[in-house]
Every structure is written in C-alpha cells, then in structure tokens.
Amino acid sequence: VVTMPVGHFTAKLTGTGITSEASTTVEYGGSYSFTVTPETGYEITGVYVNGAVLTADNGTYTVTNVTGPQVVEVVDKAIPNYTVTYVVNNAQYATQVVAKGSQIGDTPKSPVVTGYKFEGWYTQDNTGGEGDKILTTTVVNGDMIVYAKLTAETYTITYSANAGTDSVTGMPQSGTSKTYGQPEQLSTATPSREGYTFLGWSRNQSATEATYAAGDYFTEEITTVTTLYAVWKATTSSITLPTGMIR
C-alpha cells in the first residue's frame, strides 16, 4: 500500500487503475506515480521514497519495480516574504510585501511632487546614478529600497510691455526658461517708451515698483507659464516761469 503524505501541499496519485488519489495498492514489481503541489506561500524542498531522493519528470514523480513497503515523504518550507520600500525625496512613500522569487507586479501609485516629473522607480537615488529601473517583472529575492526618479520641470517666463497702445522698443526677443528649483537670470534687455522710465519687471500688472531689474535672477518657484510686466514711471519736466512785473 502506498499512502500520500499530507502537509502544506497536495500530493496526489495519478495514472490508470488508481481508485484513490490518497492511497493505492501496488503489485510486486509494479509502479506508481504522483504529483506534489505546494500551497500558496510554500515551496517543496525535497521528495523522498524510503529515504531516497526522487526527482520529478515534467512535474510527476514515478517509482518503478516496487518490491516492498513504500514510505513517501515530502519536505516543504514557507517561502520568505521580502519588503520593497519606496522612497520619494528621502522619505518613505510606500512599502510592498513580495514573496521570494516572485515578480514585483504593480508598483504604488505614481507620486506627485510639485515642480517635478515622475519617471519611474529605480534601484539608486538621483544623486548616485539611477541604477536599474524597476519593472512589473522585476524578481524580488531580498529586501529592497527603490527610489523615485524625479526630473525638474521647466516653465517659460514671458515679458509684457504693459504699455497699452504705446510703442515700446528694446523688449526681450524671447521668453526665459525657468527650471524648477533653480534660479534663472532674466533678460538683460531694457525696454524704452517715450515719456516713461523703465523701472524693471513685476508679476503684478498694476505694480508701481519693480520686483526685478533687467538681468536680475528670478528665484520664485513657478509651475506654469508666468508673465512679467514692465513697470513704468512717467517722466516729468520742470518749467521755470520768468520773474518780473507783469503789466
């Protein structure tokens, strides 16, 4: 009689003439076959018959030329779980538990970081080179720390003459590209308008004082196209009247 063992697996007798998947009687000189399927979270580390190692052929274990009692032993063990830690800007963003040897699968929702574009998860942070990109098919064989790759966005600063229908010359020929997190020098152009003195630039269209002079560094953080308006001050002239007796 051959009886299948029990554990964190399912062992089943197979083949013709088998009346029960759990046990069967084998004639002298006969043979039998069985399969072993581990439970989720477990792996099979060895299959033995009468103490001898048995190797599967296409998932099936076969014993031939049976001449005595049969003791089938299956050794299993729990598959260890590993933790994948996701880091964004030096702070833990999420964790994921993955069984040893399994693919990482779906990663957490993409982080949203103001002024930056998320370009995936990598095995190294931006300061040390990006390393390998994490894919859904990446296999986990130990605890892992992965890092968000963030690329600073670039936004355009445009310039407005802010002079109504008046003619203005010397305006900047193009806008200025501002990368998030970095100061950017503004155009050195100095516009001219008859009857006015150019004071500089402001984000406030109605400003009477400039925030930036031509060529200053723009340090504010912006996340969209931003307009700087020319700030003007009307020029004044002194009129001196003659003195004396008026008849």
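Just above sits the structure.
Residues numbered from 1 in each chain as written. Predicted model: local features only at pLDDT ≥ 70, side-chain atom pairs only at ≥ 80, totals over all residues. Heavy atoms only, no water.

Draft legend 1. Here's a closer look at the overall build of the protein. What the protein contains, in helices and strands, is zero helices and 22 strands. The C-alpha radius of gyration of the protein comes to 39 Å, more than 25% above the 18 Å expected for a compact globule of 247 residues. Each principal axis of the C-alpha atoms in the protein carries an extent, and together these give about 150 × 30 × 25 Å. For the protein, with 247 residues in total, the buried portion stands at 32%. Put simply, of all contacts in the protein between residues at least 6 apart along the chain, 61% involve residues at least 24 apart. For the protein, the distance from the average site of its 12 positive side-chain charges to the average site of its 21 negative ones is 16 Å. (Helix = DSSP H or I, 4+ residues; strand = E, 2+ residues; numbered from the N terminus. Rg over C-alpha atoms; globule rule 2.2 N^0.38 Å. Buried < 20%, exposed > 50% of the residue type's maximum accessible area, 1.4 Å probe, protein only. Contact = heavy atoms within 4.5 Å. Lys, Arg positive; Asp, Glu negative; His and termini not counted. Charge placed at Lys NZ, Arg CZ, Asp CG, Glu CD.)

Draft legend 2. How the structure looks around the pattern of salt bridges. Under the defined criterion, the tally for this structure stands at four salt bridges. Residue Lys77 is joined to Glu43 by a salt bridge in which the shortest nitrogen-to-oxygen separation is 3.8 Å. With Lys77 in strand β8 (residues 72-78) and Glu43 in strand β5 (residues 42-49), this residue pair connects regions lying 34 residues apart in the sequence. Its relative accessible area of 41% is what places Lys77 among the partly exposed residues. Taking the shortest distance from any N to any O, the salt bridge between Glu220 and Arg203 comes out at 2.8 Å. (Salt bridge = Lys/Arg side-chain N within 4 Å of Asp/Glu carboxyl O.)

Draft legend 3. Broad picture of the nonpolar core. Residues Val2, Met4, Tyr32, Phe34, Val36, Leu54 and Val72 are the most contacted members of the largest nonpolar core, which totals 17 residues. Mapped onto this core, the elements with two or more residues apiece are β2 (9-14), β4 (32-38), β5, β7 (61-63) and β8. Aside from chain neighbours lying at most four places away, what touches Met4 is Ala11, Lys12, Leu13, Glu21, Ala22, Phe34 and Val72. (Core = buried A, V, L, I, M, F, W, Y, C linked by side-chain atoms within 4.5 Å.)

Draft legend 4. Layout of the sheet that holds β2. Taken in spatial order, the three strands make up an open sheet running β2-β4-β7, and their pairing is antiparallel. In this open sheet, the two strands that pair with only one neighbour each are β2 and β7. Direction aside, neighbouring strands of the sheet carry axes that sit 25 degrees apart on average. By the bridge criterion, six bridges tie β2 to β4 in an arrangement that is antiparallel. The residue of β4 that forms the bridge with Thr14 is Ser33. (Pairing = 2+ DSSP bridges. Axes fitted to C-alpha atoms, helices over the stretch in contact; angles between N-to-C directions.)

Draft legend 5. The arrangement of unusual backbone geometry in detail. The residue Asn58 is not glycine, and still its phi comes out positive at about 55 degrees. Locating Asn58 in the fold gives a position in the loop between β6 (52-53) and β7. Phi is positive for Asn89, which is not a glycine, with a value near 50 degrees.

Draft legend 6. Region of the structure containing the side chain of Arg193. You can see Arg193 is positioned in strand β19 (residues 192-193). Not counting the four nearest positions on each side in its chain, Arg193 is found in contact with Asn162, Ala163, Asp166, Ser167, Val168 and Trp232.

Draft legend 7. Structural view of the side chain of Ser187. By the secondary structure assignment, Ser187 is in the loop between β18 (184-185) and β19. Side-chain polar atoms of Ser187 contact the backbone nitrogen of Ala189, separated by 3.1 Å. Ignoring anything within four residues of it in the chain, the contact list for Ser187 reads Tyr159, Pro172, Thr176, Ala214 and Gly215. (Polar contact = N/O pair within 3.5 Å; in protein donor to acceptor, adjacent residues only side chain to side chain.)

Draft legend 8. Main features of the layout of surface pockets. By volume, the largest pocket amounts to about 200 Å³. Together, eleven residues line the largest pocket, and Asn89, Asn90, Asp125, Asn126 and Ala148 are the ones closest to its centre. Contributing elements (two or more residues each) for the lining of the largest pocket: β9 (81-88) and β14 (144-152). In terms of residue count, β14 provides more of the lining of the largest pocket than any other element does, three residues in total. Split by residue class, the lining of the largest pocket holds six nonpolar, four polar and one charged. (1 Å grid on protein atoms, 1.4 Å probe; cavity = no way out; pocket = protein on both sides within 12 Å on 5 of 7 lines; lining within 4 Å. Points joined across faces, edges and corners; volume = space filled by probe spheres on them. Nonpolar A, V, L, I, M, F, W, Y, C, P; charged D, E, K, R; others polar.)

Draft legend 9. How the structure looks around the packing of aromatic side chains. Tallied over the full model, the rule gives ten aromatic pairs. Measuring from ring centre to ring centre gives 5.4 Å for Phe34 and Tyr61, while their planes differ by 15 degrees; the resulting arrangement is stacked. Of this pair, Phe34 sits in strand β4 while Tyr61 sits in strand β7, and the two are 27 residues apart along the sequence. Across this residue pair, the class does not change: Phe34 and Tyr61 are buried. (Phe/Tyr/Trp six-rings, centres within 6.5 Å; stacked < 30°, edge-to-face > 60°.)

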